[in-house]
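Commentary on secondary and tertiary structure
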Amino acid sequence: PEVKAPSGSGGLRVYRRMLARSRLLNLLPQLCALRPSLAMSSVTGTVTIHQPLNYRAGARVQPADGGQAEDVYEPATGRVITKLVSSGEKEVDLAVQSAKAAFKIWSQMSGMERSRVLLEAARIIREQREEIATLETINNGKSIFEARVDIDISWQCLEYYAGLAGSLAGEHIQLPGGSFGYTRREPLGVCAGIGAWNYPFQVACWKAAPALACGNAMVFKPSPFTPLTVVRLAEIFTEAGVPKGLFNVVQGGAATGQFLCHHPDVAKISFTGSVPTGIKIMGMAAKGIKPVTLELGGKSPLIIFSDCALENAVNGALMANFLTQGEVCCNGTRVFVERKILDVFTKEVVKRTQKIKIGDPLLEDTRMGALINRPHLDRVQGFIKQAKEQGAEVLCGGDLYVPDDPKLKNGYYMQPCVLGNCTDDMTCVKEEIFGPVMSILPFDTEEEVVERANNTKFGLAGGVFTRDIQKAHRVVAALKAGMCFINNYNISPVELPFGGYKASGFGRENGRAAMEYYSQLKTVCVEMGDVESVF
Ligand SMILES: NC(=O)c1ccc[n+]([C@@H]2O[C@H](COP(=O)([O-])OP(=O)(O)OC[C@H]3O[C@@H](n4cnc5c(N)ncnc54)[C@H](O)[C@@H]3O)[C@@H](O)[C@H]2O)c1
Ligand SMILES: C[N+](C)(C)CCCC=O
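Values in this document were obtained by computation on a predicted structure and should not be read as measured data.

**Structural notes on the environment of E495**
Mapped onto the fold, E495 is located in the loop between β18 (483-486) and β19 (505-506). Taking the C-alpha atoms as reference points, E495 and Q156, separated by 339 residues in sequence, lie 9.3 Å from one another.

What follows is the structure in structure tokens.
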């Protein structure tokens, strides 16, 4: 109901379908109206946060050994919205100890008891959807339209794992002479979650929901660029009834993350971020022999065959490149187009890209907001400059965008960009840009395109558009990527496992699979007879 899809907009239809999965969604505007929320009063450029941003033992706290306060920006305006105090070793330890104490209570509860608390947390998120989405938009710069979808995926994730919490079980195995064995699926203990800035609330839910469902506690460190909404999540967990200290937030950057990873009482690390940081995380996990989930970057291929439904393929390419200003790990940024339809496809993609409404992310009709910060915007611009130098042609966009509204003039906006005349050896085709930049690459045969699509160090995602269903399955089977789409792109039903191959990481979030990454198997061997010793 809150999503108004212009007619013929297939990408938005997909999003609407995802949202329509909740009957309760119809009630959301009324529910929001009952609660005096941040959303009611906020316009871009007005919100400032003064509350402490760490969360420990069920309350917001200032870190016990905080360093110097750093500015946190509103990407839409370039304005400082809050100050972030990084947590030192002492604060990280206090958070871990708090989690350890809560783990003792939570891990002894039945799956059904945990389920009820997670369902209540999901309900509160739904109720506060508008407020959380608004805060996410203010802190991240993505459009409010998209932030609402992120929040919906977040509560759906909690509901999904609430449903699975009661089903966590082992098996019974018959042995000779009436003896038997059984297995218990047990929680790991205190899990560390470390998040990226592109989906701050959603990344936290994708980690917290399966972790808590399995009986673990968590200490979460968001990106220092987006510290705000995860503290709301912590408050919501407390309000829903988790033991105080079960979900804690420590703020800070690399140093805080390192204290967390090295902490001897942290049993597992779940990391979302870049490949270079992922390598460091794995090194730290190796030192402590800790299991690790790595959700890293990508440079995913999207393959458009000439027998596709063209409008769907164009919509798919837009969805694969321009959500969240292109700052999406699984984006299909290498768009391989069969040469027969290269011109017609490219023309349509360019036309649609030029129509994307850029601007104030809190306005209802905005579809592209501001990039996360000035250095990142400069970096993306640098990729486009280099692409031109290497022979790519800018078919549209690529320049900075300055909105008419004076309060937005210091925001970090750019026009979404489509690059033509690309070749596989160009930097824009090889490296993750993490901005709104699509590279179009022509191909002639299936065999050729599969080989080129796999010719990358990454392996997060991939997609194919074709009406030939045999070809579609054959191609995705050949793609070396963890998350593949046929005739769609970048939707994320929480029931489906998500994660990478190769340098894009390992472990899975979402789906039943994630339960394995937040639990461990204990085997119990039971003797019903006498013990026969060989000695
Ligand atoms: N696969 C996925 O699910 C997924 C999802 C979102 C983003 N990403 C990837 O994340 C990247 C963008 O996010 P980013 O710029 O925040 O990544 P980043 O690697 O710079 O930072 C990620 C997190 O790690 C922390 N960190 C940095 N150095 C650390 C260290 N030495 N020890 C411990 N923690 C440390 C950061 O403070 C932040 O919280 C992109 O590459 C993107 O593809 C992947
Ligand atoms: C929700 N998406 C669009 C699938 C993005 C998942 C998180 C990756 O950055």
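From this point, the narrative continues.
**Things to note about the nonpolar core**
Membership of the largest hydrophobic core comes to 127 residues, with the highest contact counts inside it found for F237, F247, I304 and F345. When residues of this core are assigned to their parent elements, the largest contribution, 13 residues, is made by helix α7 (residues 144-165). Those residues in contact with F345 that lie beyond four places of it in its chain are I304, L310, A313, V314, A317, V335, V337 and I440. By size, the runner-up hydrophobic cluster in this structure holds 30 residues, among which are F305, F336, V380 and L441.

**As for the site of ligand 1**
Surveying the vicinity of ligand 1 reveals 29 residues, the closest of which are G195, S274, T277, L296 and E432. At a separation of 2.6 Å, an oxygen atom of ligand 1 approaches a polar side-chain atom of S274. In isolation ligand 1 exposes 850 Å². Once the protein is present, 89% of that is buried. Elements supplying a minimum of two residues to the shell around ligand 1: α10 (254-262), β10 (266-272) and α11 (275-287).

**With respect to the side chain of E186**
Structurally, E186 is set in strand β6 (residues 180-187). Look at E186 and you get buried, because its relative accessible area is 15%. A polar atom in the side chain of E186 sits 3.2 Å from the side chain of K522.

**Quick word on the site of ligand 2**
Neighbouring ligand 2 are N198, Y199, Q202, W206, V328, C329, C330, N490 and S492. N198 places a polar side-chain atom, nitrogen or oxygen, 2.9 Å from an oxygen atom of ligand 2. Interatomic distance of 3.1 Å between a backbone N/O atom of C329 and an oxygen atom of ligand 2. When isolated, ligand 2 has an accessible area of 300 Å², and the protein chains bury 96% of it. Of the residues belonging to the shell around ligand 2, the class tally is five nonpolar, four polar and no charged.

**With respect to the packing of helix α8 (residues 200-213) against helix α9 (residues 229-240)**
Between two packed helices, what matters for the description is the angle formed by their axes and the separation of those axes. α9 packs onto α8 with a crossing angle of 35 degrees between their chain directions and a minimal axis gap of 9 Å. α8 and α9 meet at a crossing whose hand is right-handed. Contact residues: P200, F201, A204, C205, A208 and L212 in α8; T229, V230, L233 and F237 in α9. In the contact of α8 with α9, the residues fall into nine nonpolar, one polar and no charged.

**Regarding the state of the cysteines**
Inspection of the entire model under this criterion finds zero disulfides. Not engaged in a disulfide, the cysteine C396 finds its nearest cysteine sulfur in C417; these two sulfurs lie 6.4 Å apart.

**A short note on the sheet that holds strand β5 (residues 172-174)**
Read from one edge to the other, the open sheet built from three strands follows the order β5-β6-β20, with strand pairing classed as antiparallel. In this open sheet, the two edge strands, each paired with only one partner strand, are β5 and β20 (519-526). With strand direction ignored, the average angle separating the axes of adjacent strands in the sheet is 20 degrees. Here β6 pairs with β20 via eight bridges, running antiparallel. When the sheet's bridge partners are listed, R184 is paired in β20 with K522.

**Some points on the pattern of salt bridges**
Side chains that carry opposite charge are capable of pairing whenever their charged atoms lie near each other. Going through the model one piece at a time under the given rule, you end up with 27 salt bridges. In this structure, R60 engages E235 in a salt bridge whose closest nitrogen and oxygen atoms are separated by 2.8 Å. Highlighted residues: R60 in strand β2 (residues 59-61) and E235 in helix α9, separated in sequence by 175 residues. Ionic pairing is found between E338 and K340, a salt bridge with its closest N-O pair at 3.7 Å. Salt bridges here are not isolated pairs; linked through shared partners, they connect R60, E131, R232 and E235.

**A closer look at the sheet that holds strand β15 (residues 417-420)**
In spatial order, the strands read β14-β15-β16-β13-β12-β17-β18; together these seven strands make up an open sheet with mixed pairing. Of all the strands in the sheet, just β14 (393-396) and β18 have a single pairing partner and so form its edges. The sheet shows a mean angle of 25 degrees between the axes of neighbouring strands, direction not considered. In this fold helix α16 (residues 446-453) packs onto β12 (301-304), β13 (334-338) and β16 (437-443), with an angle of close to 145 degrees to the strand it touches most, β16.

**Side note on the UniProt feature "active site" (unreviewed entry) in the chain**
This chain's UniProt record puts "active site" (unreviewed entry) on E295. By the secondary structure assignment, E295 is in strand β11 (residues 292-295). Here E295 falls in the buried class, since its relative accessible area comes to 5%. With residues near it in sequence (within four places) discarded, E295 still touches F271, T272, G273, F498, G499, G500, S504, G507, R508 and E509.

Conventions and cut-offs
- Residues numbered from 1 in each chain as written.
- Chains lettered and ligands numbered in written order.
- Predicted model: local features only at pLDDT ≥ 70, side-chain atom pairs only at ≥ 80, totals over all residues.
- Heavy atoms only, no water.
- Helix = DSSP H or I, 4+ residues; strand = E, 2+ residues; numbered from the N terminus.
- Core = buried A, V, L, I, M, F, W, Y, C linked by side-chain atoms within 4.5 Å.
- Buried < 20%, exposed > 50% of the residue type's maximum accessible area, 1.4 Å probe, protein only.
- Contact = heavy atoms within 4.5 Å.
- Near = heavy atom within 4 Å.
- Polar contact = N/O pair within 3.5 Å; in protein donor to acceptor, adjacent residues only side chain to side chain.
- Areas by Shrake-Rupley, 256 points an atom, 1.4 Å probe, with all protein chains shown as cover.
- Nonpolar A, V, L, I, M, F, W, Y, C, P; charged D, E, K, R; others polar.
- Axes fitted to C-alpha atoms, helices over the stretch in contact; angles between N-to-C directions.
- Left-handed = near helix turned anticlockwise from the far one by under 90°.
- Disulfide = S-S within 2.5 Å.
- Pairing = 2+ DSSP bridges.
- Salt bridge = Lys/Arg side-chain N within 4 Å of Asp/Glu carboxyl O.
- UniProt positions renumbered as here; feature names shortened; annotations may be inferred.

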